[in-house]
Each structure stands twice: as structure tokens, then as C-alpha cells.
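Here is how the chains run, residue by residue.
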Amino acid sequence: MKKLILFPILFLILSCQVEGELTHTLENSVPITPAAMLKYHGTFVPTNGIVVSGEAKIYLEGTEYKVQLEDFSISSGPDLKVYLSKAATPTDFVNLGNLTSQTVYPIPSSVNIDDYSHVLIHCQQYSHLYAVAELIQN
């Protein structure tokens, strides 16, 4: 009986370590221009069992805010998303898109950037938080 209960739990834990179809798609990344102003920055901190490094930076370029992942690397996982969040947990957030080789993610103009304090990397498929970057105003 213990094997029947243990197997599904073990499967869920280990399955978030496999590269997912949505996370390795190559996309064109539009670089941040030198005229962009750095508004917020934060260093990524991993959750249990995850390896991550790098920073999240939010730039104002003209009238558009953008998140740039800089010197970023993370343990592979399926269905990883980049969230702009009001907390260190994915409870009140804006999904900026799939985590890919892209390093710049535009923030929708309807978002009040001052209301958001974190950038998260989240495995949406298994609802597992991978990394958190608390944003500090520049």
C-alpha cells in the first residue's frame, strides 16, 4: 500500500526536473536599448532543490516597461513561466510568457508596475515555484 502512495508523489517531484516542450522554444529577443532607464532590480533565489543564478531587471524604455533576465540560468523544468507578482508566491501575478532563450519580456501597458514587487519563475503545469527575485527600486 505504501508503494502505491509513494509512487505518485515521487513522480510529481521528479517530473519538474525534465525539460518541457514549452521551455526550450527559441524566440527572438529584442534587446534593451542604451537609452532605457533601469527602474528595479533583484537577484533570483531558488526554492528547494532548484539551482538558479542571475538577476531580474525592469527597464523603462520610452513608455514601455520590460523585464530583462540577466546572467540567468535555472534547473530545467516543464512549462516554466515568467511572472510579475505582487508577492513572493504566485497568487496575484501577471504571466509574462514562457521561459525560453528570450531574455526580455514586455510588461503589458495596463499593468501598474509600482504594484508588483517580485519576478517569479514558476512551473505552471505542476504548480511548483522555481525561483523568486524580490525587486528593489533603483
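Residues numbered from 1 in each chain as written. Predicted model: local features only at pLDDT ≥ 70, side-chain atom pairs only at ≥ 80, totals over all residues. Heavy atoms only, no water.

**Focus on the overall build of the chain**
Stated precisely, the cut-off is as follows: Every helix listed is a DSSP run of H or I at least four residues long, and every strand listed is a run of E at least two residues long, numbered separately from the N terminus. For the exposure calls, accessible area comes from a 1.4 Å probe over protein chains only, and a residue counts as buried if that area is under 20% of its type's maximum, exposed if over 50%, partly exposed in between. The criterion used for residue contact is that any of the two residues' heavy atoms lie within 4.5 Å. All accessibility values rest on the Shrake-Rupley procedure with a 1.4 Å probe; residue burial counts only the protein chains present in the view.
Assigned secondary structure in the chain consists of 1 helix and 9 strands. Traced from its N-terminal end to its C-terminal end, the chain shows the element sequence α-β-β-β-β-β-β-β-β-β. Each of the 138 residues in the chain was classed as buried or not, and the buried ones make up 40%. Within the chain, contacts between residues at least 6 apart in sequence are counted, and of these 61% link residues at least 24 apart. Carbon and sulfur atoms provide 58% of the accessible area of the chain, an area that totals close to 8,000 Å².

**Looking at the pattern of salt bridges**
Cut-off, in case you're wondering: Throughout this description, the term salt bridge denotes a Lys or Arg side-chain nitrogen within 4 Å of a carboxyl oxygen of Asp or Glu.
Applying the stated criterion to the full structure yields 5 salt bridges. With a closest N to O distance of 2.8 Å, Glu70 and Lys57 form a salt bridge. A residue pair is termed long-range when its members are at least 10 positions apart, and Glu70 in strand S3 (residues 64–74) and Lys57 in strand S2 (residues 52–61) qualify at 13 residues. The class for Lys57 is buried, based on a relative accessible area of 13%. When the shortest N-O distance is used, the salt bridge between Asp92 and Lys86 registers 3.6 Å.

**Things to note about the environment of Pro46**
The topology assignment puts Pro46 in strand S1 (residues 37–46). Owing to a relative accessible area of 36%, Pro46 belongs among the partly exposed residues under this scheme. Sequence separation between Pro46 and Ser75 is 29 residues; the distance between their C-alpha atoms is 9.5 Å.

**Considering unusual backbone geometry**
Even without being glycine, Asp79 reaches a positive phi, approximately 55°. By secondary structure assignment, the location of Asp79 is in the loop between S3 and strand S4 (80–85). On the basis of relative accessibility, which here comes to 12%, the residue Asp79 falls in the buried class. At Ser127, a position not held by glycine, the phi torsion is positive, near 50°. Mapping Ser127 onto the fold places it in the loop between strand S7 (118–123) and strand S8 (128–134). When its relative accessible area of 58% is taken as the criterion, Ser127 is described as exposed.

**Some points on the packing of aromatic side chains**
Going by this rule: By convention, a stacked pair of Phe, Tyr or Trp rings (six-membered ring in the case of Trp) has centres within 6.5 Å and planes under 30 degrees apart, an edge-to-face pair has planes over 60 apart, and any other such pair is tilted.
The tally for this structure, following the rule as stated, stands at 2 aromatic pairs. Ring centres of Tyr83 and Phe93 lie 3.9 Å apart, and the angle between their planes is 15°; this geometry places the pair in the stacked category. Linking Tyr83 in strand S4 with Phe93 in strand S5 (residues 93–98), this pair joins segments that are 10 residues apart in sequence. The class of Tyr83 is buried, set by a relative accessible area of 2%.

**Brief notes about the nonpolar core**
Condition: What we call a nonpolar core is a set of buried Ala, Val, Leu, Ile, Met, Phe, Trp, Tyr and Cys residues that are connected through their side-chain atoms within 4.5 Å.
Among the nonpolar cores identified, the biggest contains 26 residues, and Phe44, Leu84 and Val119 are the most heavily contacted of them. At the level of elements, S1, S2, S3, S4, S5, S7 and S8 are the ones that each hand at least two residues to this core. Here Leu84 is in contact with Ile58, Asp92, Phe93, Val94, Leu96, Ile107, Val111, Ile113, Tyr116, His118, Val119 and Leu135, once residues within four sequence places are set aside.

**A look at the environment of Tyr130**
Among the secondary structure elements, Tyr130 is positioned in strand S8. When the C-alpha atoms of Tyr130 and Lys81 are compared, they prove to be 9.7 Å apart, with 49 residues separating the residues in sequence.

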